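Listed here are the chains, written in short residue letters.
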Amino acid sequence: MEASPPDPLEHRVSELERRFAELISRFADGEPAPARRKPPDVFWALEGLRERIGDDNAGAVLFTGAVNLPTGEHYEWQYGTAVDDMFEADWSDWAGALGALGHPVRLLLLRRVLAGTRTATELAADEALGTTGQLYHHLRQLVGAGWLHSSARGQYAVPGDRVVPLLVVLSGAKR
């Protein structure tokens, strides 16, 4: 009579039972259990903000970020402000900066610049950004609002202190 081949499932179950018994015996012999990672504190930034501002005011807003761009550039940035200061400010002063982000082509243009397409010539080659005249119109809007800056050689970049705020505004616009 010919022997039947071993059952792979039976072999796997036997191996699991052996490993489980080994683990049980190790801990029964007084070996410490593996260290467990503390669950992440979901509101770590918020808790730090609360400690800093206390409970005597209307609150504060904080945004922060550490960003590695596809170009290899790295930015770390944070900003906080008291809610009272925000309500006392003239929000209409910020309409130009926000309005400059209100066009799909300008948002695409910012994405392209952050990804490394930096010269006017490279940007003009991208058909999604429109004609050369349209492109320069959008570039002027973004430069005027401070979302881009330009060098004399026709190079464009998002200023380092605007990278994280831009991404925060976009994050806030997501639904």
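Bear in mind that the values here come from a model prediction, so they are computed numbers and not experimental data. (Residues numbered from 1 in each chain as written. Predicted model: local features only at pLDDT ≥ 70, side-chain atom pairs only at ≥ 80, totals over all residues. Heavy atoms only, no water.)

Help me understand the overall build of the chain in this model?
Counting its secondary structure elements, the chain contains eight helices and four strands. The order of helices and strands in the chain, counted from the N terminus, is α-α-β-β-α-α-α-α-α-β-β-α. Scored against the burial criterion, the 175 residues of the chain give a buried share of 20%. For the chain, contacts bridging at least 24 residues in sequence account for 46% of all contacts bridging at least 6. (Helix = DSSP H or I, 4+ residues; strand = E, 2+ residues; numbered from the N terminus. Buried < 20%, exposed > 50% of the residue type's maximum accessible area, 1.4 Å probe, protein only. Contact = heavy atoms within 4.5 Å.)

What exactly am I supposed to notice about the packing of aromatic side chains here?
We describe a pair of aromatic rings using the distance from one ring centre to the other and the angle between the two ring planes. In this structure the tally under the stated criterion is four aromatic pairs. Taken together, the ring pairs in this structure connect F63, W77 and Y79 into an aromatic cluster. The ring of W147 carries the charged tip of R162 above its face, separated from the ring centre by 3.8 Å. (Phe/Tyr/Trp six-rings, centres within 6.5 Å; stacked < 30°, edge-to-face > 60°. Lys NZ or Arg CZ within 6 Å of the ring centre and 35° of its normal.)

What's the story with helix α8 (residues 160-173) in this structure? I'm lost.
An α-helical segment advances 3.6 residues per turn. Residues three or four places apart therefore align on the same side. The terminal C-alpha atoms of α8 lie 21 Å apart, and with 14 residues this matches the ideal 20 Å at 1.5 Å per residue to within 8%. Every buried residue of α8 is listed here: V163, V164, P165 and L166. In the core, the buried residues of α8 are packed alongside β1 (60-68), β2 (74-82) and α5 (104-115). (Expected span 1.5 Å × (residues − 1).)

So what exactly am I meant to see when it comes to empty space enclosed by the protein here?
Empty space among the atoms can be located by rolling a probe the size of a water molecule over them. Scanning the model with the defined rule gives one cavity of 30 Å³ or more in all. When its volume is computed, the largest cavity comes out at roughly 30 Å³. Surrounding the largest cavity, L69, E73, Y75, L114, R118, A157, V158 and V163 form its lining. Looking at the lining of the largest cavity residue by residue, the class counts come to six nonpolar, no polar and two charged. (1 Å grid on protein atoms, 1.4 Å probe; cavity = no way out; pocket = protein on both sides within 12 Å on 5 of 7 lines; lining within 4 Å. Points joined across faces, edges and corners; volume = space filled by probe spheres on them. Nonpolar A, V, L, I, M, F, W, Y, C, P; charged D, E, K, R; others polar.)

Please explain the confidence of the model for the chain as it appears in this structure.
Parts of the prediction with low pLDDT should not have their coordinates interpreted in detail. Within the chain, residue pLDDT values average 87, and 86% of them lie at 70 or more. Per-element averaging of pLDDT across the chain places helix α1 (residues 8-28) at the bottom with 74 and α5 at the top with 97. (pLDDT = per-residue confidence, 0-100.)

Looking at this structure, I do not really get the side chain of R118. What am I missing?
Note on placement: R118 falls in the loop between α5 and α6 (120-124). R118 gets classed as buried once you look at its relative accessible area, which sits at 16%. A distance of 2.7 Å separates a polar side-chain atom of R118 from the backbone oxygen of V113. Non-local contacts of R118, meaning those with residues more than four positions away in its chain, are made with T71, E73, V113, L123, G154, Q155, Y156 and A157. (Polar contact = N/O pair within 3.5 Å; in protein donor to acceptor, adjacent residues only side chain to side chain.)

Help me understand the side chain of D126, please; the structure alone is not making it clear to me.
Position of D126 relative to the elements: it lies in the loop between α6 and α7 (132-144). The buried category is assigned to D126, whose relative accessible area is 17%. In terms of polar contacts, D126 uses its side chain to reach the side chain of R112, at 2.5 Å.

Help me understand the layout of surface pockets in this model?
What the largest pocket holds in volume is close to 640 Å³. For the lining of the largest pocket, the elements supplying multiple residues, two or more each, are β1, β2, α4 (95-100) and α8. In terms of residue count, α8 provides more of the lining of the largest pocket than any other element does, five residues in total. Split by residue class, the lining of the largest pocket holds 13 nonpolar, one polar and two charged. The set of elements that each furnish at least two residues to the lining of the second largest pocket consists of α5 and α8. In terms of residue class, the lining of the second largest pocket is made up of nine nonpolar, no polar and one charged.

For this particular structure, what's the right way to read the nonpolar core?
Soluble globular proteins: nonpolar side chains tend toward being buried together. Among the nonpolar cores identified, the biggest contains 24 residues, and L110, L123, W147 and L148 are the most heavily contacted of them. For this core, the secondary structure elements donating two or more residues are α5, α6, α7 and α8. Here this core takes five residues from α5, the largest share from any one element. Ignoring anything within four residues of it in the chain, the contact list for W147 reads A97, A100, L101, L110, L142, A157, V158, P159, R162, P165 and L166. (Core = buried A, V, L, I, M, F, W, Y, C linked by side-chain atoms within 4.5 Å.)

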